[in-house]
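Chain residues, written in single-letter form:
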Amino acid sequence: TAAALATHGVVADLVPGRAMAEALADAFPMASGCPAGRVLLPQAAAAGPDLEAGLRAKEWLVDAVEAYRTLPTTPDPEALAEAGAAHAIAFTSASTVDNYLDTPGHPALPPVVACIGPVTADRARRRGVDVSAVAEEASVDSLVEALAGCFQP
């Protein structure tokens, strides 16, 4: 997120050590001493409550707004057939886990399942998926490393 902001000339004032809502809430200072004491929290429609609750616990006034929604799509049969031949699958969010598993006619999961972070892995496990690898950081590079580790002798 900080890198995306930087491409528009905006410097992030606070970047937590881990890319998770809980880490951002933990890194936030207490609101006392801040003149405005108000936070705009644009987030996904399906965002969990942890970040907003964490900010409120630190006495911030939070304006949470729905900035986007993740909507499922219906993949074409050819794409589903290709997915069925895969050796691995990588899930990049909890919603990708749900959307894949809720797709009518989805092929069985391949033997290797990698998740971008603990929240995604937790969702997969709650849905009955055996998770093979979890990225150390919530980044695509770390997800690729975790996935590659499953295929190294």
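None of these values were measured; they are calculated from a predicted model. (Residues numbered from 1 in each chain as written. Predicted model: local features only at pLDDT ≥ 70, side-chain atom pairs only at ≥ 80, totals over all residues. Heavy atoms only, no water.)

1. Observations regarding the pattern of salt bridges
According to the stated counting rule, one finds seven salt bridges in the structure shown. Glu52 is paired through a salt bridge with Arg56; the nearest N and O atoms lie 2.7 Å apart. Residue Glu52 and its partner Arg56 are both found in helix H3 (residues 50-57); the two are separated by four residues, about one turn of the helix. Its salt-bridge partner being Arg126, residue Asp122 comes within 3.0 Å of it at the nearest N-O pair. Residue Asp122 and its partner Arg126 are located together in helix H6 (residues 118-126), separated by four residues, close to a single helical turn. Owing to a relative accessible area of 58%, Arg126 belongs among the exposed residues under this scheme. One connected set of salt bridges, linked through shared partners, spans Asp98, Asp102, Arg123 and Arg127. (Salt bridge = Lys/Arg side-chain N within 4 Å of Asp/Glu carboxyl O. Helix = DSSP H or I, 4+ residues; strand = E, 2+ residues; numbered from the N terminus. Buried < 20%, exposed > 50% of the residue type's maximum accessible area, 1.4 Å probe, protein only.)

2. Considerations on the sheet that holds strand S5 (residues 133-134)
Sheet architecture is open: three strands sit in the order S3-S4-S5, paired in parallel fashion. Strands with a single pairing partner mark the edges of an open sheet, and in this sheet they are strand S3 (88-91) and S5. Where S3 and strand S4 (residues 112-115) come together, four bridges link them in parallel fashion. The residue of S4 that forms the bridge with Ala90 is Ala114. (Pairing = 2+ DSSP bridges.)

3. Digging into the layout of surface pockets
Within this model, the largest pocket holds a volume of roughly 1,900 Å³. Lining the largest pocket are 49 residues, with Thr1, Ala19, Met20, Ala21 and Leu51 sitting closest to its centre. Of all elements in the fold, only helix H1 (2-6), helix H2 (21-27), strand S1 (38-44), H3, strand S2 (61-68), helix H5 (94-101) and H6 reach the threshold of two or more residues within the lining of the largest pocket. Classifying every residue of the lining of the largest pocket by side-chain character gives 31 nonpolar, nine polar and nine charged. (1 Å grid on protein atoms, 1.4 Å probe; cavity = no way out; pocket = protein on both sides within 12 Å on 5 of 7 lines; lining within 4 Å. Points joined across faces, edges and corners; volume = space filled by probe spheres on them. Nonpolar A, V, L, I, M, F, W, Y, C, P; charged D, E, K, R; others polar.)

4. Side note on the state of the cysteines
Tallied over the full model, the rule gives zero disulfides. Considering cysteine sulfurs only, Cys150 is the nearest to Cys115, which forms no disulfide, with 10 Å between them. (Disulfide = S-S within 2.5 Å.)

5. Section: the packing of H5 against H6
At their nearest, the axes of H5 and H6 sit 8 Å apart, and the two run at 30 degrees to each other. Accordingly, the angle class assigned to the pair H5 and H6 is roughly parallel. Contacts between H5 and H6 involve Ala94, Val97 and Asp98 from the former and Thr120, Arg123 and Ala124 from the latter. Counted by class, the contact of H5 with H6 contains three nonpolar, one polar and two charged residues. (Axes fitted to C-alpha atoms, helices over the stretch in contact; angles between N-to-C directions. Parallel < 35°, antiparallel > 145°, perpendicular 65-115°, else oblique. Contact = heavy atoms within 4.5 Å.)

6. Quick word on the environment of Arg69
For Arg69, the position within the fold is in the loop between S2 and helix H4 (77-84). Once the C-alpha coordinates of Arg69 and Val10 are considered, the two residues, 59 residues apart in sequence, prove to be 24 Å apart. There is a polar contact of 2.5 Å between the side chain of Arg69 and the side chain of Glu66. (Polar contact = N/O pair within 3.5 Å; in protein donor to acceptor, adjacent residues only side chain to side chain.)

7. Re the nonpolar core
Counting 11 residues, the largest nonpolar core is built from Ile89, Phe91, Val97, Tyr100, Leu101, Val113, Cys115, Ala121, Ala124, Val129 and Val131. For this core, the secondary structure elements donating two or more residues are S3, H5, S4 and H6. Ranked by residue count, the leading element in this core is H5, at three residues. Once you skip the residues sitting within four places of it in the chain, Val129 turns out to touch Leu101, Leu109, Val113 and Ala124. Grouped together as the second largest cluster of nonpolar side chains are nine residues, Ala25, Phe28, Val39 and Trp60 included. (Core = buried A, V, L, I, M, F, W, Y, C linked by side-chain atoms within 4.5 Å.)

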